[in-house]
Structure formats: structure tokens, C-alpha cells
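# Close look at the chain arrangement
Okay, here's what each chain looks like letter by letter:
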Amino acid sequence: MEVKGSHEDKSVVSFHSKDFINLQCSRRDLTAAGRYQYFMGTIIDAAEPLVMVKDANEIFSDNKITCIFVLGGPGSGKGTQCEKIVEHFGFTHLSTGDLLKAEMESNSENGTTIRNMRKEGKIVPSEVTIKLLQRAMQESGNNKFLIDGFPRNEENRAAFENIMNIQPDFVFFFKCSEEERKRRILNRNQGRDDDNIDTILKRFKVYEESTLPIIEYYRSKGKICEIDAERPVEEVFEVIYRQLVERMREGTDVEVCRKEEKAV
Ligand SMILES: Nc1ncnc2c1ncn2[C@@H]1O[C@H](COP(=O)(O)OP(=O)(O)O)[C@@H](O)[C@H]1O
Ligand SMILES: Nc1ccn([C@@H]2O[C@H](COP(=O)(O)OP(=O)(O)O)[C@@H](O)[C@H]2O)c(=O)n1
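Residue indices begin from 1 for each chain and proceed along its sequence in written order. Lettering of chains starts at A and numbering of ligands starts at 1, both following the order in which they are written. Only residues with pLDDT of 70 or above have their local features reported here, since the model is predicted, and side-chain atom pairs are shown and tallied only from 80 upward, although totals for entire chains, interfaces and linings are computed over all residues. Hydrogens and water molecules were not included; the side-chain quantities draw on all heavy atoms of the structure.

For clarity, the cut-off: UniProt positions are given in the numbering used here, feature names are shortened, and annotations may be inferred rather than shown by experiment.
The name that an unreviewed UniProt entry assigns to the protein is UMP-CMP kinase, with the source organism given as Protea cynaroides. UniProt's Function (unreviewed entry) comment on the protein is quoted here verbatim: "Catalyzes the phosphorylation of pyrimidine nucleoside monophosphates at the expense of ATP. Plays an important role in de novo pyrimidine nucleotide biosynthesis. Has preference for UMP and CMP as phosphate acceptors." In its Subunit (unreviewed entry) section, UniProt records this for the protein: "Monomer."

## Observations concerning the site of ligand 1
In plain terms, the rule: For this purpose, a residue is taken to be near a molecule or strand whenever a single non-hydrogen atom of the residue falls within 4 Å of it. N or O atoms within 3.5 Å of each other form a polar contact, as long as, within protein, one can give a hydrogen and the other can take it, and as long as residues adjacent in sequence are counted only when both atoms are side-chain atoms. In these tables, accessible area is a Shrake-Rupley quantity obtained with a 1.4 Å probe, and a residue counts as shielded only by the protein chains included in the view.
The environment of ligand 1 is made up of 14 residues, and the closest members are Gly75, Lys78, Thr80, Arg188 and Arg231. Here an oxygen atom of ligand 1 sits 2.9 Å away from a polar atom, N or O, in the main chain of Gly75. A distance of 3.4 Å separates a nitrogen atom of ligand 1 from a polar backbone atom of Val233. If ligand 1 stood free it would expose 570 Å²; the protein chains cover 77% of that surface.

## As for the environment of Arg203
As a reminder of what qualifies: Segments assigned H or I by DSSP are reported as helices when at least four residues long, segments assigned E as strands when at least two residues long, and all are numbered from the N terminus. The criterion used for residue contact is that any of the two residues' heavy atoms lie within 4.5 Å.
In this fold, Arg203 is placed in helix 8 (residues 197–220). Here the alpha-carbon distance between Arg203 and Gly73, two residues 130 residues apart in the chain, equals 8.5 Å. Once residues within four sequence positions are removed from consideration, Arg203 is found in contact with Pro74, Gly121, Ile185, Arg188, Arg192, Asp194 and Asp195. A polar side-chain atom of Arg203 sits 2.7 Å from the main-chain carbonyl oxygen of Asp194.

## Comments concerning the UniProt feature "binding site: ATP" (unreviewed entry) in the protein
Threshold: Here a cavity denotes a set of grid points, spaced 1 Å apart and computed over the protein atoms alone, in which a 1.4 Å probe fits but from which it cannot get out, and a pocket denotes an open set meeting protein on both sides within 12 Å along at least five of seven lines; residues with an atom within 4 Å of a point are reported as lining. Under the scheme applied here, a residue whose accessible area is under 20% of the maximum for its type counts as buried, over 50% as exposed, and between as partly exposed, the area being computed with a 1.4 Å probe on protein chains only.
The UniProt record marks Gly75, Ser76, Gly77, Lys78, Gly79, Thr80, Arg188 and Arg231 with the feature "binding site: ATP" (unreviewed entry), using the residue numbering of this structure. Lining the largest pocket, from the set of annotated residues above, are Gly75, Ser76, Gly77, Lys78, Gly79, Thr80, Arg188 and Arg231. Looking at where Gly75 falls in the secondary structure, it is placed in the loop between strand 7 (66–72) and helix 2 (78–89). Once you skip the residues sitting within four places of it in the chain, Gly75 turns out to touch Arg181, Arg184 and Ile185. Relative to the assigned elements, Thr80 resides in helix 2. Assessed through its relative accessible area of 40%, Thr80 is described here as partly exposed.

## A word on the UniProt feature "binding site: CMP" (unreviewed entry) in the protein
Mapped onto this numbering, the UniProt entry gives "binding site: CMP" (unreviewed entry) at Asn156. Tracing the backbone shows Asn156 in helix 6 (residues 154–164). Using a relative accessible area of 3% as the deciding quantity, one classes Asn156 as buried. Excluding residues within four positions of it along the chain, Asn156 makes contact with Ile123, Val124, Ser126, Ile130, Phe150 and Pro151.

## Describing helix 5 (residues 126–140)
Heads up, the rule is: Helix span, expected: 1.5 Å multiplied by one less than the number of residues in the helix.
With 15 residues, helix 5 ought to run about 21 Å at 1.5 Å a step, and its terminal C-alpha atoms sit 21 Å apart, in line with that. Taken as a whole, helix 5 has its buried residues at Ser126, Val128, Thr129, Ile130, Leu132, Leu133, Ala136 and Met137. Next to the buried residues of helix 5 lie strand 8 (92–95), helix 3 (96–105), helix 4 (111–119), strand 9 (144–148) and helix 6. Directly beyond the C-terminal end of helix 5, a positive phi value near 70 degrees is found at Gly141.

## Section: the site of ligand 2
How we decide: In this description, a molecule resides in a pocket or cavity if more than half of its atoms sit within 2 Å of the grid points defining it. Under the grouping applied here, Gly and all other residues not named as nonpolar or charged are polar, the nonpolar ones being Ala, Val, Leu, Ile, Met, Phe, Trp, Tyr, Cys and Pro and the charged ones Asp, Glu, Lys and Arg.
Among the 20 residues in the neighbourhood of ligand 2, the closest are listed as Lys78, Lys122, Val124, Arg152 and Arg203. In this structure, an oxygen atom belonging to ligand 2 sits 2.8 Å away from a side-chain N or O atom of Arg203. Relative to its unbound accessible surface of 520 Å², ligand 2 loses 97% to contact with the protein. Because more than half of its atoms lie within 2 Å of the grid, ligand 2 is assigned to the largest pocket. Counting residues per element, the ones that place at least two in the shell around ligand 2 are helix 3 and helix 4. If you tally residues by element for the shell around ligand 2, the top one is helix 3, at 3 residues. Here the shell around ligand 2 is built from residues that sort into 6 nonpolar, 6 polar and 8 charged.

## A few points about the layout of surface pockets
Any empty space left between atoms is shown by rolling a water-sized probe over those atoms. Which entries qualify depends on this criterion: Grid points are joined across faces, edges and corners, and a volume is the space filled by probe spheres set on the points.
Quantified by volume, the largest pocket comes out at close to 1100 Å³. Residue lining of the largest pocket: 45 residues in total, with Gly75, Lys78, Arg188, Arg192 and Arg203 positioned closest to the centre. Of all elements in the fold, only strand 7, helix 2, strand 8, helix 3, helix 7 (178–186), helix 8 and helix 9 (233–248) reach the threshold of two or more residues within the lining of the largest pocket. Residues belonging to the lining of the largest pocket are distributed by class as follows: 14 nonpolar, 17 polar and 14 charged.

## A short note on the pairing of strand 9
This is how it is decided: Here, a strand pair is defined by DSSP locating no fewer than two bridges between the strands.
Taking burial as the measure, the 5 residues of strand 9 include 5 buried ones, the bulk of the element. Where burial is concerned, the two faces of strand 9 agree: the one with Lys144, Leu146 and Asp148 and the one with Phe145 and Ile147 are both buried. Pairing geometry for strand 7 and strand 9, over 5 bridges, is parallel. Looking across to strand 9, one finds that Thr66 is bridged to Lys144. In this sheet, strand 9 lies alongside strand 8 in parallel orientation, the contact comprising 4 bridges. If you follow His93 over to strand 9, its bridge partner there is Leu146.

Structure (C-alpha cells):
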């Protein structure tokens, strides 16, 4: 299938399906028709099912570190969506909560500090968290990172920027009501030591007092990509997917494959 419009603002996309489809079109002409959407810096047929990128290298530059922070209240679905992003884009997902938990369980010298902080829902000092992040980033051999649950306060943010000298490309902010988040955490059933009502309420308070200002900081820098995380998992992911590809790739060729072929 080939669609052609005027060559103003031309984009090309190849769909990796049974047969390849090339679209060469004008963004204005096609989106005006209502059926087409601007997607991945290209025009796509909105009637087509959501397509999936095979590998992050097809979209994200290989030459620099790509760093996306994923923020949102406890229970907003950060871990759930990060897993899906990894599955489709090949990022390395680093959950700072998980890294700290593993460090606590390894009986390292910081174990007791982490255990006490987690119990109170408090934020572990940056030097501990950043060391874990640094190690995990080096060991990954990747240069595309989704950093989940970090930075959680001003100290985290400033320390990361100073020590790592990396700025996030942008920040996903998962917006979700406290009521829904509480319901999700109480149903999470992962045997987490901090998913009890006392600690949950403490975490919510720390989130409001310490993490929301960081979100506002990134908003003032134009780096926030706000996601309605109240919706069902697949709907949230669809929005994230579109945001990711749109933000990171503008007007270049991309090879993508259909969702159903991803399972092959
Ligand atoms: N969009 C959603 N709708 C309903 N439940 C969700 C949604 N996203 C995640 N969950 C569930 O809510 C719980 C918390 O999600 P999780 O990804 O662990 O959140 P976070 O990492 O932000 O604390 C998990 O049990 C997960 O399966
Ligand atoms: N950057 C971080 C992330 C987590 N943590 C600690 O780890 C706990 C669990 O964090 P998490 O990200 O796994 O879970 P949620 O609170 O997002 O559900 C937090 O309550 C903090 O005590 C931290 O101190 N610093």
C-alpha cells in the first residue's frame, strides 16, 4: 500500500508486516482527513492496529545515553508500565525501589539503613541509591535507561545530576488518585514488607511532600510527560507508547512490526 500527498513535510514509514507498507504523505493533508494520525514523526493510518517497535535502537540514537525518569505516587503503575516498555523498546529498566530492596536483602553494610527507611516510607540517602544505579547502568551494557521511582526528592535530583552528569530526556509522570493507588497497593500481593496500611500512608505523605515538588521542577523545565495512570493497563500503555515514539523520533525512517507479530 502506498499513500502519497504533497511533498511538504514529507515523512516515510515502513511497517514490518506480511508485506511492507510505505507511506509518503503530507502531515497536513492526511491528518486533516481525520483518519490519519501523526505518529513517530510520521503519518499513519489510524485505522491500522497499534504497531510495535522491535528494538529501541531503531528509534533512539545509539550514540548518547537516553535517560527517562518514571515518577508517580506509590501504586500508580510505574513498574507495570516499565515492564511493558522494556518488552517493546529494549530499554534497561532500573527500579530504584527494587535495587534498594535487593541491597537490603544482600545483608550489605547499608542493609539496616535501607530496612529502617523503607519501613518508615522514608527516602534513602542519595549516595546509597546512586551507587546502586551507577553499578546497574554500567553492568547493563545498554545506553537506554528507564529509571523508575527516582529522583524522589531534591537531594536525589541534585545528586544524580552532579554525580552522573546526566539530564533526563524527559520524565513520565503517572497521575493517579490516592484512593485508586491505595486500592492497587492493598491488592498487590507481592509480599512486600512495606505494603501495609501504616507504611503506605507514610509513603503517600513523603510522596506529596518530597516528590511532587520534583515533578513541578521538571514541569517548569518542560520535561514532564503527564500520563493518566488511572485507566486500565493496556490503555495507559497505548498512550505511553505513542508518547515515546513521538518524542524521540522526528521525521526519520522507521521499521516497525505489528503487535501480533511481536509474540513470534
Ligand atoms: N492501570 C492499572 N489498573 C489497575 N491496576 C494496575 C494498573 N497498573 C498497575 N496495576 C496494579 O497495581 C499494583 C501497583 O502497580 P505497580 O506497577 O507495582 O506500581 P508502582 O510501581 O507505581 O508502585 C500492581 O498490583 C499492578 O498489577
Ligand atoms: N529513589 C528511591 C526509591 C525508593 N526508596 C525506598 O524504597 C521504598 C519503596 O519504593 P518503590 O519505588 O519500590 O515503591 P513505590 O513506593 O513506588 O510503590 C520507598 O518507600 C523508599 O523507602 C528510596 O528510598 N529511594
